[in-house]
Amino acid sequence: MMRQYELVERVRAYDPRADEGKLDRAYVYAMKMHGSQKRASGDPYFSHPIEVAGILTALKLDGDSIVTALLHDTVEDTDATLADIEQLFGPEIARLVDGVTKLTRIELQSDQSKQAENFRKLVLAMSEDIRVLLVKLADRLHNMRTLHFVKSEDKRRRIALETLEIYAPLAERIGIHTWKDELQDLAFRELHPEARESIVTRLAFLREQGEPLVGRIIKELQEKLLANGVTAVEVSGREKSPYSIWEKMKRKNVSFEQLSDIMAFRVLVGSIEQCYQALGVVHAQYPTVPGRFKDYISVPKPNGYRSLHTGVIGPERQRIEMQIRTQSMHETAELGVAAHWDYKQHTGDQQTEGRKYRWIRELLDILDNAAGPEEFLEHTKLEMYQDQVFCFTPKGDLISLPRGATPIDFAYAVHSEVGDRCVGAKLNGRLVPLRAALKNGDQVEIVTSKSQTPSPTWEEFVVTGKAKACIRRFIRHQKRHEFMALGRTIVEKAFRHDGVPFTEKAMDQAPRLFKLEKVEDLYAQVGEGLLTGQQIVHAVFPETRRTKPEVVGDANVVPIARARGKVKKDHGYAVPIRGLIPGMAMHFAKCCHPLPGDRIVGIVTTGKGVTIHTIDCEVLEQFQETPERWLDVAWNEPGDEVERHVGRLSVIISNEPGSLGNLTTTIGKNRGNINNLKITNRSQDFFDILVDVEVEDVKHLTNIIAALRASPMINSVDRARG
Ligand code: MN
C-alpha cells in the first residue's frame, strides 16, 4: 500500500502547486473513516481508495481528482456525510465526491446487462465533470484487479460482465485504451478462463515462431519508408490482446492462424503530411487489402482518436494491418482525454507554470460559465449524450429517449397501446402536462384510460419517430373512418334528394360500378371528395339522370343564391358535423373561424374531406364556378359536452398604459380563453391586434365583443374575416 508521503510526492512531482495539506488531510480522513473495514482480500479497506488515487497519478491528474479518489467511498460506505466533506474539503471536492457516489448508486440499482448501452449513456450523462468519470473508472479498474478475492462466483461474474459491457466501452469512448485493454482482459479472465488460456498459449507458441519474421517485417518497412523520404520513422509490431483476438474469432467464426490476426504494425512519423506520405509509400510498395483503409485523421473518431489504418500484403507475403499516426496522435490514442493533462514543458517559458493544467482549467471554466451542460459536453467532445435523456419506468426499466421527449414519447416507447391510451403522466410522483420535457433520471408513470385515443395535437410536440408513426397511423385510420361516415351521409342525402330508395340492396352493386371492392371504399371516396353523391345516384339509378334534368351538379349542392340569400335553410339536406374530429375529415377554415351558431357551408376538397366556412366568408367567391363542391352542413344539436372553438377578433386599442391588460382581462372575465395574440401594426396612438379566443359559440363571442366595445381604451372590435 502506498504511504501518505509517497502519494503526495508523486502528485507534487508533476504538479508542484498541488495542495499538499489537502492531500494529507484526505489521506488521513479516508483512513480514519474506513477504520477497521476490510476488503475481500483481507486488506484494510482504505488501501482501496489509496490504490485508486495511485492509478490516477499515472494519468497526472490534478490534486482535486486525487483528493476525490481518496474520499470516493466515504459517503457511500462510512458515517461521513456530504456536508462533512464540504466542510472539510470545500464545495468543489464535495461536488466531485457526490458525482462518484451517484454513479456508485446507479451501479447498485442496475442488474440489467441487456440495457448495457443505456447504462453506459446514463453514466456518461451523469458524469457532468470528466474527473468524476475518471475516478469511477479507476475505482472499477482497482476492483477488477482484486476481483479474484471476491468469494461469490455469481458476484464475480456479475462484476466482470458489467465491466465488459459498461466500463471498458466507457474507457474506450474517452480514449483511454490502456485502461480499456486491462479492464477487458481482467473480465475475460473471469468469464472465459479456458478460452483466454488457450489463446495465451497459442500466442506464446506463435511468438516463438514468428519473432524473426516480425523483426524482418519491421526492418523492411523502415527501410522502404526511409528510402522514400519519410524520416523520423518509428515502426513497431504489437501483439493484439487475447480478448480482442477472441472477439474477432467469435465475430468471424474462425480460428486464428495468420500473423495478421495477432499482430498490428504501427508507424509513428513526425507530421500529418508524413502520415499520408508514409501511406503512399506503403500502398505503392505492397498490394492493399480491399476494405481495410480508414482515414481517421481527416475524420477523427468521436473520442478524438486520429490515425490512418490500412491493410496490405506486406513484406514476406504476409498480410498485415497497419496504423500510421504522429506521436501526439499516439498519445491521445493511448490516454484519450487524459493526454491533455500532460504537462508539456516549454523550456525557458516563464508562463509554463500557469499553462500546466490549462486544459482542466478550461474545462472548469466552461463548466462554470456554460449556458448549460450541453455546451460543456460539446466542448469536452466526449460524445456524451447531450442529445438524449434517460428515464425509469416505475419498475426500474431504463428508457432512452431523445432530448425534448415528452411523457407521450415515453408511453409509446413502453408500448404503442400505452401511448394510444395515455391520458396523463406523473414525473417522480407528480402530475405533469403531457407536453412536459423529461429530464435525466426521471421516474415516469403513465396514466391510461381505455376510452382515450391519440390526439392529432400530440403530433406537434412529440419527438420520437415511434410516437409520431403511431399517432399518424391512428389519424389515418380515424380519417378513413370519418371519410366513410361523411361519405355515407352524403350518399344518403343524394339518394333522398333524387327520390330513390337508399337501401343496402341498391348499394350492393354500387362499388362494382366504380371498380371498387367494398361499399366502405366507395363511402370513403365520397367523403374524401374523390366522388360525388350524385355520381353514385346516377350510376345506381341511371334513370335519375333523365328524370331530374333540372338538377345541376351534386344533390348536396347549396345553390349560392339560397345559401347567401334569405331563403331558409333546409335542414333535411344539411350534413351534421357531429362526431367529426376537427383536423381529420372535417376542417374549420382558418380564414373565417366559424363558430357554433354561425351559418356555415362546407367545401369538399379533394383528398381532404370538407372545410367549413361561414356563409359570408370571402373565400367562398373562389368556389362560385364549382357548385358541386358545396355541401350543406349543420352544427350539432347542442349536447352536454361544450366544445371550444377558436374565434378571431381584430382589435384596435389605444397605445397607453394598461390598455392591453384591459383587453385580456375583459376577455377573461367573459370566460374567453386567449389562444394567440398578435400585434399586426403599431403607431403613435394605436395598436392593431389580432386575438384568437376560444369560445363556446358565436353568441359567446358576440358577448365578448360587446364587453370589449364598452371599454374606453378599446377603439374598435370586429370579428376578423379572411
Ligand atoms: Mn471504490
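What this report covers is the structure whose coordinates are included nearby. Every value quoted in this text rests on a predicted model; they were computed, and no experiment measured them.

Thresholds, definitions, all that
- Residues numbered from 1 in each chain as written.
- Predicted model: local features only at pLDDT ≥ 70, side-chain atom pairs only at ≥ 80, totals over all residues.
- Heavy atoms only, no water.
- Helix = DSSP H or I, 4+ residues; strand = E, 2+ residues; numbered from the N terminus.
- Buried < 20%, exposed > 50% of the residue type's maximum accessible area, 1.4 Å probe, protein only.
- Areas by Shrake-Rupley, 256 points an atom, 1.4 Å probe, with all protein chains shown as cover.
- Salt bridge = Lys/Arg side-chain N within 4 Å of Asp/Glu carboxyl O.
- Expected span 1.5 Å × (residues − 1).
- Donors = N, O, S within 2.8 Å, 3.2 Å for Na, K, Ca; no water.
- Contact = heavy atoms within 4.5 Å.
- Pairing = 2+ DSSP bridges.

**Quick word on the overall build of the protein**
Working step 1: For the protein, the helix and strand inventory stands at 29 helices and 20 strands.
Working step 2: Burial status across the protein gives 48% buried among its 722 residues.
Working step 3: Of the roughly 35600 Å² of accessible surface on the protein, a fraction of 49% belongs to carbon and sulfur atoms.

**A few points about the pattern of salt bridges**
Working step 1: For the structure on display, the rule yields 22 salt bridges.
Working step 2: Residue Lys22 is joined to Asp64 by a salt bridge in which the shortest nitrogen-to-oxygen separation is 3.3 Å. Placement of the pair is Lys22 in helix α2 (residues 20–34) and Asp64 in helix α4 (residues 63–71), with a sequence separation of 42 residues.
Working step 3: Classification of Lys22 as buried rests on a relative accessible area of 15%.
Working step 4: Between Asp692 and Arg648 there is a salt bridge, with the nearest N and O atoms lying 2.8 Å from each other.

**Considerations on helix α11 (residues 177–191)**
Working step 1: Over its 15 residues, α11 extends 21 Å from the first C-alpha to the last, a length consistent with the 21 Å expected when each residue adds 1.5 Å.
Working step 2: The buried fraction of α11 is high, at eleven of 15 residues.

**A closer look at the coordination of the manganese ion**
Ideal geometry at a metal centre gives angles of 109.5 degrees when four donors are arranged tetrahedrally and 90 or 180 degrees when six donors are arranged octahedrally.
Working step 1: Protein coordination of the manganese ion is provided by His48 (NE2), His72 (NE2), Asp73 (OD) and Asp139 (OD), with donor distances spanning 2.2 to 2.3 Å.
Working step 2: Counting gaps between the donor residues of the manganese ion yields the pattern H-x23-H-D-x65-D. Linking His48 in helix α3 (residues 47–57) with Asp139 in helix α9 (residues 130–145), this pair joins segments that are 91 residues apart in sequence.

**Let's talk about the side chain of Gln184**
Working step 1: Structurally, Gln184 can be placed in helix α11.
Working step 2: On the accessibility criterion, Gln184 (14% relative accessible area) is buried.
Working step 3: In contact with Gln184, other than residues within four places in its own chain, are Leu164, Ala168 and Tyr243.

**A closer look at α4**
Working step 1: Counting buried positions along α4 yields nine of nine residues, so the element is predominantly enclosed.
Working step 2: Of all the residues in α4, the buried ones are Gly63, Asp64, Ser65, Ile66, Val67, Thr68, Ala69, Leu70 and Leu71.

**Details of the sheet that holds strand β1 (residues 234–239)**
Working step 1: Here we have five strands laid out as an open sheet, ordered β1-β2-β5-β4-β3, and mixed in their pairing. Either end of the sheet is taken by a strand with one partner, and the two such strands are β1 and β3 (294–295).
Working step 2: Judged from the six bridges that link them, β1 and strand β2 (residues 263–269) form a sheet pairing that is antiparallel. Each bridged residue has a counterpart across the sheet, and for Arg238 the counterpart in β2 is Ala264.

**Quick word on the pairing of strand β8 (residues 422–427)**
Strand residues, when the strand is regular, have side chains that alternate between the two faces of the sheet.
Working step 1: Bridging between β8 and strand β10 (residues 444–448) involves five bridges; their strand directions are antiparallel. Of the residues in β10, the one forming a bridge with Ala425 is Ile446.
Working step 2: Where β8 lies against strand β9 (residues 430–432), three bridges are found, and the strand directions are antiparallel. Of the residues in β9, the one forming a bridge with Lys426 is Leu431.
Working step 3: Where β8 folds back on β9, the antiparallel hairpin that results is connected by two residues, among which Asn428 adopts a positive phi of roughly 50 degrees.

Fair warning: the whole summary comes from geometry, so function is off the table for now.
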